[in-house]
Every structure is written in C-alpha cells, then in structure tokens.
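Given next are the chains, with one letter for each unit.
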Amino acid sequence: MSTATTKDHPHLAAEFNRDEPRVNWHDETLWWVRAKRDIAAHKLPEWELLRETASQIKFNVLSNLSTYLEQFEANAIKNGIIVHWAADAAEHNQIVHNLLEQRGITKMVKSKSMLTEECHLNEYLKEQGIDVIDSDLGERIVQLANEPPSHIVLPCIHKKKEEIGDIFHEHLGSAKGESDPKILTETARQHLREVFLTRRAALTGVNFAVAETGEFVICTNEGNADMGAHLAEIHIASMGIEKIIPERKHLGVFLRLLTRSATGQPITTYSSHFSKPQDGTEIHIVIVDNGRSIQLGREEFRNSLKCIRCGACMNTCPVYRKSGGHSYHTAVAGPIGSILAPNLDMKKYADLPFASTLCGSCSNVCPVKIDIHDQLYKWRQVIVKEGYSPKAKTMAMKAMALTLASPTLYRMGGKTGRLVFKYAPFAVNNKLNPWYNQREMPKAPDESFGEWYAKRKGAKN
Ligand code: SF4
C-alpha cells in the first residue's frame, strides 16, 4: 500500500485521465461538496470573523508552540495519559509497535489518521506481524483495495459504488454485483462490529489537543474512533505537534469551521473529548514532529502548519478535481499537500508546487486563512533555486527569459514557433512534453498580433 513511486504528478494525472467518465464524475462530485461548503459558510454572517479568529489563534500557537506543548503534556500526565514524543515517522512507528509488543497484542483497530498515513504505519506494522484494520468506512474500502486514501476527508472518493461492491464481494462476502450503498454499508457495519468487539488496541488521530486541560478531541461522522477507543484496553492517539490549541473555549471556533468547510455540515456527528483513561484501560498519546519544526522555521511556509485538514482546498482545486488524489503521490494530496510535502523531501516532491493554476481558490476557502497559492508560488522559486527542477525546464525558462527580454528575439521566436507548430507539430506535441498528454494544442495563427496590427494600421493610413 505504499505511495512510493517514481512517476511525477503529470504522468500520474495522465493515468487518471485515461478514464474520462471517472474524471468528470470526480470533478462534479467534489464541486458539489464545495457548493455545500459555500451554502454552509454563507449561512453564518460571522464566517469571515470566525476564519480570522481561527487564523490568529493558530498564529499564537505556532509562535509559542513549545510552551503550549509542554503545558499540554503536563496536564495530560496529570489526567493519567501517558505521553510519548517522536522526532520522526520511524520513531512514531517504533513507539506504537513497542506498546503493542509489550502487551502481546497482534491485532489493532485504527480510525482515520493522516499522520499514520504520512508515517506509513500500516505497512510497518504489517512487517512486524501486526494486523491493522482501518475502521473509517472509506479508509476500509481503500485498505481492502490495497490503495492509499486519495482525499483526507473522503478517502475513496475516486471509487464508484460498483467497484466497492466488487471489493466487498471479494473480501467481505457480499452478493456478487451488489452495489446498493445501504446494503454495502450494512455489510461493512457487521464486519467492523466484530473487529471492534475483539481488538484489544485502538489507534486514533487527534483533531485538537487542548493545552489548558490536557484533553484531546477527535471528530468523526461514523463514531468509529469512539467505538474503537472505548472498547479497547489501550488507546493510542497519534498527533502532529501542530494540533495544539491553547484553551477549551477555542474549540468552539474550530468546530464551527471544520465540518462546514469539509462537507457543508454544521458540525461533525461526533466530536469526542478524551481526557483520562477509564478504569483498567490506558491512553497513550504520541506527539510527532516529522519535519514540522523545520517547516516552522521556514518563515514563508510556517502558516501551512495552521491546517486543520478539512479538505476544502482539494474540493475547490481544479487541478485536484481533474487529476485525482493519487496523482500527488503523498499522504496529503491537493494544494495543502503540495506545500507540506516538499518540506519533507524537496527532491521527491519537487513536481507538486507546479500542480496548480495558482488561481487562489484554495486560499479563498481555507478556514484558517492559509495563503496556499502564495506558498505554492514561493515553493516553485525555492525548488528552482535549490536545483530540483528538471534541467530541461530550467534551460527552457532561461531561453524564454532571454527571448522575452529582446523584441528581436521575441519576433524571431514567434515566427519560428508558428512554423514548427504548422509543419512539425510533433517537435512540441510529443510524449516528452507531459502537459501535452492531457491537452490539445491550439492551431498556430498565420501571423502574430504585431504583424496583424501593423497590417491594419498600414491599410488605414
Ligand atoms: S489548507 Fe486550509 S482548506 Fe486545505 S485542508 Fe488545510 S485547513 Fe482545509
């Protein structure tokens, strides 16, 4: 289930684009979700005030992160929660494995956690002989299909119900050809019920961790995090260092923004607070850095750590909607993933900041006002300066800069270009040009605007 790939975004997008009906339906479905978000946002006259407040709260958090993290740790310990710190993905995975191994646990249920996707926890635990079942319905579907999620809120949005029917038939024994969503959901429900009742360990993500009280909050629509955590002997919660908010009263701001931005609902069906373990059970929280402190130190990109993972920037992004989440070859896809991933590995993810039209729609919908499209633009500059952009592209850009700086070269270039387009289009429209794969090149005009204008002017004089 690894996302490891040598292909870049244009090539993976081309693969997704081979199935045109799927692309259209993916595009329309996500736009429908985006429209629901607009309706929900417009119903609140104080929407912009909420966004600004959330952004400022997160600004405060990021400016005093170590203080809030230590305050959270002290209060969580007071509540009886055991706190672990992980510098990176490997350390996080090792901590989780040790906790299971020490208790002789070989099976675990897990609710949605993009951090564990980022750390490739499932693959790691599988290698150690631990069986992990994802309990979020969408996550379970992609897990059975042996694929990573394609969207942070709607993990199997790229799958049609008929495909899900086939997967359930193969793995869960539903009737062949059954694609009724209600029946398929009931099949998953019966399957997961048995998992919840028999697993001794449950892992969850964390949406918000409150420094003031040492509690943490998990938001789900299915109640699967609660089912797992309440029935298990040990609850392990994985949390990125940026999930902190200072006080409980701030939750009101974020909970009002989160699901309205994600799906257009007024609030998540379950927003569950975990503050201390029940008698006879344990709660462990693993606080993970994994490159976040480096991003915190990059002033121009620091704001990206404000993200509350609502997915609105993906739903609105024309490139994401047309290229699908897997084309981003990283755990968090879309515009926000494209500014988080290069921080983790600039070489591997050098293609992602270019997977954008820079239209700014992502920044407009972001509930915590991250300047996403500005950061995408800035990453492009960093990637070129650091030498991670393809050599051919760098040379082409240099040639373009020279041409645009000289009217003579510009005119000559235009003439040559029109001739090439007319008599040797294969020199441009070929497989070496990945953008051409998804596009039809326009017919080159016979003359430039300058020539046309000069002719008209001459005719009038
Ligand atoms: S960047 Fe903003 S819009 Fe995108 S997922 Fe994060 S909070 Fe939501």
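Cut-offs and rules
The residue count restarts for each chain, going from 1 along the sequence in the order it is written. Two thresholds apply to this predicted model, a pLDDT of at least 70 for residue-level local features and 80 or more for giving and counting side-chain atom pairs, whereas whole-chain, interface and lining totals are computed over all residues. To obtain the side-chain values, all non-hydrogen atoms of the structure were included, while hydrogens and water were left out. Here a patch means residues that are over 30% exposed by relative accessible area and free of salt bridges, tied together within 9 Å if like-charged and within 5 Å if nonpolar (Val, Leu, Ile, Met, Phe, Trp, Tyr). Here the accessible surface of atoms and residues is derived via Shrake-Rupley with a 1.4 Å probe, and residues count as covered only by protein chains that are part of the display. Take a side-chain nitrogen of Lys or Arg and a carboxyl oxygen of Asp or Glu: if they are within 4 Å of each other, that pair is a salt bridge. When a residue's accessible area, from a 1.4 Å probe over protein chains only, is under 20% of the maximum for its type it is buried; when over 50% it is exposed; and in between it is partly exposed. Buriedness of a pocket was judged along seven lines, with at least five required to meet protein on both sides within 12 Å; pockets are open sets of points on a 1 Å grid over the protein atoms alone, cavities are sets where a 1.4 Å probe fits but cannot get out, and lining residues have an atom within 4 Å of a point. Grid points are joined across faces, edges and corners, and a volume is the space filled by probe spheres set on the points. Only DSSP runs of H or I reaching four residues or more are called helices, and only runs of E reaching two or more are called strands; each is numbered from the N terminus. Residues are grouped as follows: Ala, Val, Leu, Ile, Met, Phe, Trp, Tyr, Cys and Pro are nonpolar; Asp, Glu, Lys and Arg are charged; all remaining types, including Gly, are polar. Whenever a pair of cysteine sulfur atoms sits within 2.5 Å, that pair is classed as a disulfide. Only the stretch in contact is used when fitting a helix axis, every axis being a line fitted to C-alpha atoms; angles between N-to-C directions are given from 0 to 180 degrees. Note on definitions: a residue-residue contact is assigned when non-hydrogen atoms from the two residues lie within 4.5 Å. Throughout, the edges of the domains are those of an automatic or database domain assignment. Once two parts are put together, the accessible area they lose, assessed with a 1.4 Å probe and summed over both, is termed the buried area.

Right, let's get into a nonpolar patch on the surface. Together, Met400, Leu404 and Tyr410 make up an exposed nonpolar region whose accessible area comes to about 350 Å². Judged by its relative accessible area of 51%, tyrosine 410 is exposed.

With that settled, consider empty space enclosed by the protein. For the coordinates displayed, the defined rule picks out four cavities of 30 Å³ or more. In this structure, the largest cavity encloses a volume near 100 Å³. Surrounding the largest cavity, 15 residues form its lining, Cys307, Cys310, Cys313, Cys366 and Pro367 being those nearest its centre. The biggest single contributor to the lining of the largest cavity is helix α14 (residues 312–316), with three residues. When its residues are assigned to classes, the lining of the largest cavity shows 13 nonpolar, one polar and one charged.

Bringing the state of the cysteines into the picture now. One pass over the structure, following the stated rule, counts zero disulfides. The thiol of cysteine 156 is not disulfide-bonded; the next cysteine sulfur, from cysteine 310, is found 19 Å away. Counting only cysteine sulfurs, cysteine 359 is the nearest neighbor of cysteine 362, a cysteine outside any disulfide, at a range of 6.2 Å. The class of cysteine 362 is buried, set by a relative accessible area of 7%.

With that settled, the discussion passes to the packing of helix α19 (residues 391–405) against helix α20 (residues 407–423). Working note: a packed helix pair is described by the angle between its axes plus the distance between those axes. Interhelical geometry of α19 versus α20 gives an angle of 115° and a closest axis separation of 5 Å. Of α20, the residues touching α19 (which contributes Leu402, Thr403, Leu404 and Ala405) are Pro407, Leu409 and Tyr410. Residues of the contact of α19 with α20, tallied by class, amount to six nonpolar, one polar and no charged.

Now for the domain arrangement of the protein chain. In terms of domain boundaries, the protein chain breaks down into domain 1 (12–294), domain 2 (312–383) and domain 3 (406–460). With centres defined by C-alpha atoms, the gap from domain 1 to domain 2 works out at 21 Å. The partner domain 2 presents 26 residues to the 35 residues of domain 1 that form the contact. Here domain 1 packs against domain 2, burying approximately 2500 Å² in sum over the two surfaces, 57% of which is carbon and sulfur. Residue lysine 369 pairs with glutamate 52 through a salt bridge whose shortest N-O separation is 2.7 Å. Broken down by element, the side of domain 1 that touches domain 2 gets its largest block of residues, nine residues, from helix α2 (residues 20–42).

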